[in-house]
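Close look at the chain arrangement
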Amino acid sequence: MYTAKLKQVYFKGTIYGVLFNFQGQLEAIGKALQEKPYNEPPKRPVLYIKPRNTLNSHRKPVVIPKGESEIQVGAALGVVLGKNATNVSVKDALDYVDGYTAVNDVSIPHYNFYRPNIKNKVRDGFCPVAPMIVKRTGVANPDQLQILVYVNGELVQENNTKNLVRSVAQLVSDVSEFMTLRKGDMLLVGVPEEAPLAKAGDEVRIEIDGVGVLENNIINEKDTFTGGDS
Amino acid sequence: MMRHARVACFGSVHDAVEIDGRLKLTDGRVVKPADVVWLPPIQPETIFALGLNYADHANEISFKAPNEPLVFLKGPNALVGHNGQSRRPVDATHMHYECELAVVISETARNISYDDAYDYVAGYTIANDYVIRDYLENYYRPNLAAKNRDDLTPIGPYFVDKDDISYPMQLGLRTYVNGELKQEGSTRDMVFDIPYLIEYLSSFMTLNESDVILTGTPKGTVHVYEGDEVVTEIEGIGALKNTIVGDSVFAR
């Protein structure tokens, strides 16, 4: 049974995102990687942290902060660790995976990656996670998963984890070379190029084939304060 | 004055307080500090760290002091307690300590004003926010490969209650390497002070109980090598010891 491979998501671990792990992102930025301020392409996985306050759920609103008009939708495969992974080989890396889920790694759009302000990534609720984890054994090949993003029912993005720069196993291995991924941590394998934008009133749906569906509506910050007079 | 610790002894993990140079466990047992394994005194969810928050250190590494706090985040894998080990990979040439005042948040809050900020401070501890500059890359600086390696952020030994530190913005910081004073500064030289940082962070995200802010390091960071004993000390809070070890003890 499919449902036997699902389990309720409850994270106590740390959520790590990774920059530029889709080939199309590298193609889009092109020669700029050789120029200032970057000077050369990244050698190791470039990670960032989605802290605890960003954790959000299926069918809960994502709030656009005051002063911003849009958010960027970051459709990401989330890899949940089943045991501590330290300096693991590519060959063994998937043995450390508990399962997979669908995540929206929400950002305020920004196009400089040298020292971006954490404000772009860490707002409250900026990391909705699908309600279930599919166990590792339920996913035949994590590097062959279709990713679809719909805004208001319209397909706005389509990609596949076959286009990852580092495959799931390679990424887990390369990260674990310099830091332990702990049991319960989640590694987001990257956000495809041309990430769609969404504005208040939009309904965003992320589908990762065989892994999960995640839906969130987008609202403005002021809409969360109902006030007493209305 | 109440200094709190988290230690392992007698086969389990305990909260403890310091009394007359000894540690009193919550179950009543008293133990000598030399007989325990020191764990990080706090277990934060979000670990904030500041880059270039002392103008003299910014000059030292050829940066201008910023107009807005330069904040980065760290994971819990980085923390290690007093008397712990930090690994210096064999290919690293630029590994530096960074003595920092760590400010611990007391409760969940958003949009804290500068004037109210200390109401949301639980207390303080000491952090040594090591960096291996060889691994710095020009993406999401300072990138986690340089800053978030396992056990690369010693913290402790004690957590000290806010009320026991009357002037947190006037504390002397010192780092000794193998007993020799190498770094000396004062929290008064922070570019962005504690209330500013709390107001700033909480202006765009919710802070939670036991979140911690590592407030940056003053001038005087130098290379450290395998075998070095590094002690970072902050007036009124304590002295945090760490030993640099090489790859061989990790079978790498």
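Keep in mind that this is a model prediction, so the values were computed, not measured.

Helix and strand counts for chain A stand at three helices and 16 strands. Here chain A has a C-alpha radius of gyration of 17 Å; the compact-globule value for 230 residues is 17 Å, and the two agree. Taken over the C-alpha atoms alone, chain A extends approximately 60 × 50 × 30 Å along its principal axes. Within chain A, the proportion of its 230 residues that are buried is 53%. Sequence-distant contacts in chain A: of pairs separated by 6 or more residues, those separated by 24 or more amount to 77%. Roughly 10200 Å² of accessible area belongs to chain A as shown, and the carbon and sulfur atoms make up 48% of that amount. Charge centroids of chain A, computed over 27 positive and 26 negative side chains, lie 7 Å from each other.

Moving on, we get to the UniProt feature "domain: Fumarylacetoacetase-like C-terminal" (unreviewed entry) in chain A. Here, the residues flagged by UniProt with the feature "domain: Fumarylacetoacetase-like C-terminal" (unreviewed entry) are residues 14–218 of chain A. Strand forms 34% of residues 14–218 of chain A and helix 11%; the C-alpha atoms that close the span are 24 Å apart.

Residue-level contacts link 40 residues of chain A with 32 residues of chain B. Across the chain A/chain B interface, buried area totals approximately 3300 Å², and carbon plus sulfur atoms make up 54% of it. Taken together, the links from chain A to chain B amount to five salt bridges. In this structure, R52(A) and E45(B) form a salt bridge, with 3.9 Å as the shortest nitrogen-oxygen distance. Counting every contact that joins chain A to chain B gives 18 residue pairs in polar contact (both at pLDDT 80 or more). Elements with a contribution of two residues or more to the side of chain A that touches chain B: β3 (47–50) and α3 (168–178) of chain A. At three residues, β3(A) tops the list of elements feeding residues into the side of chain A that touches chain B.

Here the residue pair K36(A) and P37(A) is connected by a cis peptide bond, since its omega of 0° sits within 30 degrees of zero. Position of P37(A) among the secondary structure elements: in the loop between α1 (23–29) and β3. Cis peptide bonds are those with omega within 30 degrees of zero, and the linkage from R141(B) to P142(B) qualifies with -15°. Mapped onto the elements of the fold, P142(B) is located in the loop between β13 (131–132) and α2 (144–147). Here the phi dihedral of F20(A) falls at roughly 55°; this positive angle occurs in a residue that is not glycine.

Residue and element names in this part refer to chain A. Ordered by their spatial adjacency, five strands build an open sheet running β5-β16-β15-β11-β12, and the pairing between neighbours is mixed. Edge strands, defined here as strands with exactly one partner in the open sheet, are β5 (62–64) and β12 (154–160). Averaged over all adjacent pairs, the angle separating strand axes in this sheet is 20°, with direction ignored. Examined bridge by bridge, strand β15 (residues 203–208) and strand β16 (residues 212–220) share six bridges and lie antiparallel to one another. Directly across from E203, in β16, lies its bridge partner N217.

Right, let's get into the side chain of N143(B). All names here are of chain B. Assignment of secondary structure puts N143 in the loop between β13 and α2. With a relative accessible area of 3%, N143 lands in the buried category. Residues in contact with N143, not counting those within four places in the same chain, are Y135, L136 and E137.

Moving on, we get to the environment of Y100(A). All names here are of chain A. Turning to its location among the elements, Y100 is positioned in strand β8 (residues 97–104). Residue classification places Y100 among the buried positions, given a relative accessible area of 1%. Those residues in contact with Y100 that lie beyond four places of it in its chain are L77, G78, V79, L94, M132, I133, V134, R136, V139, P142, V168 and V211.

Below, the discussion takes up the packing of aromatic side chains. Residues and elements named next belong to chain B. A complete count under the given rule lists seven aromatic pairs over all chains for this structure. Pairing W38 with Y158 gives two aromatic rings, centres 5.3 Å apart and planes at 85°, and the pair type is edge-to-face. Separated by 120 residues along the polypeptide, W38 in strand β5 (residues 37–39) and Y158 in strand β14 (residues 153–161) bring together distant segments of the chain. Each member of the pair, W38 as well as Y158, carries the same accessibility label: buried.

Relative to the helices and strands, N128(B) is located in strand β12 (residues 121–128). Apart from residues no more than four positions distant in its own chain, N128(B) is found in contact with Y97(B), E98(B), L152(B), T153(B), P154(B), V230(B), T232(B) and L240(B).

On to the pairing of strand β7 (residues 75–81) of chain A. Residues and elements named next belong to chain A. For β7, a buried count of seven out of seven residues is recorded, marking the element as mostly surrounded by other parts of the structure. Here β7 shows no split at all, with A75, L77, V79 and L81 on one side and A76, G78 and V80 on the other all buried. Judged from the three bridges that link them, β7 and strand β13 (residues 186–188) form a sheet pairing that is antiparallel. Residue pairing for β13: V79 is matched across the bridge by L187.

Two side chains with opposite charge may pair up if their charged atoms get near one another. Here the structure, examined in full by the defined rule, presents 25 salt bridges over all chains. Salt-bridge contacts for R252(B) lead to E177(A); the nearest nitrogen and oxygen are separated by 3.4 Å. Here R252(B), found in the segment after β19 (238–245), pairs with E177(A), found in helix α3, and the two come from separate chains. According to the relative accessible area criterion, R252(B) is partly exposed, its value standing at 33%. With relative accessibility at 31%, the residue E177(A) sits in the partly exposed group. Measuring nitrogen to oxygen at the nearest pair gives 3.7 Å for the salt bridge that ties R174(B) to E233(B). Taken together, the residues R174(B) in strand β15 (residues 172–177) and E233(B) in strand β18 (residues 229–234) connect sequence positions 59 residues apart. Each of R59(A), R205(A), E207(A) and E215(A) takes part in a single network of salt bridges with overlapping partners.

Definitions and limits used
Residues numbered from 1 in each chain as written. Chains lettered and ligands numbered in written order. Predicted model: local features only at pLDDT ≥ 70, side-chain atom pairs only at ≥ 80, totals over all residues. Heavy atoms only, no water. Helix = DSSP H or I, 4+ residues; strand = E, 2+ residues; numbered from the N terminus. Rg over C-alpha atoms; globule rule 2.2 N^0.38 Å. Buried < 20%, exposed > 50% of the residue type's maximum accessible area, 1.4 Å probe, protein only. Contact = heavy atoms within 4.5 Å. Areas by Shrake-Rupley, 256 points an atom, 1.4 Å probe, with all protein chains shown as cover. Lys, Arg positive; Asp, Glu negative; His and termini not counted. Charge placed at Lys NZ, Arg CZ, Asp CG, Glu CD. UniProt positions renumbered as here; feature names shortened; annotations may be inferred. Buried area = accessible area lost by both parts, 1.4 Å probe. Salt bridge = Lys/Arg side-chain N within 4 Å of Asp/Glu carboxyl O. Polar contact = N/O pair within 3.5 Å; in protein donor to acceptor, adjacent residues only side chain to side chain. Pairing = 2+ DSSP bridges. Axes fitted to C-alpha atoms, helices over the stretch in contact; angles between N-to-C directions. Phe/Tyr/Trp six-rings, centres within 6.5 Å; stacked < 30°, edge-to-face > 60°.

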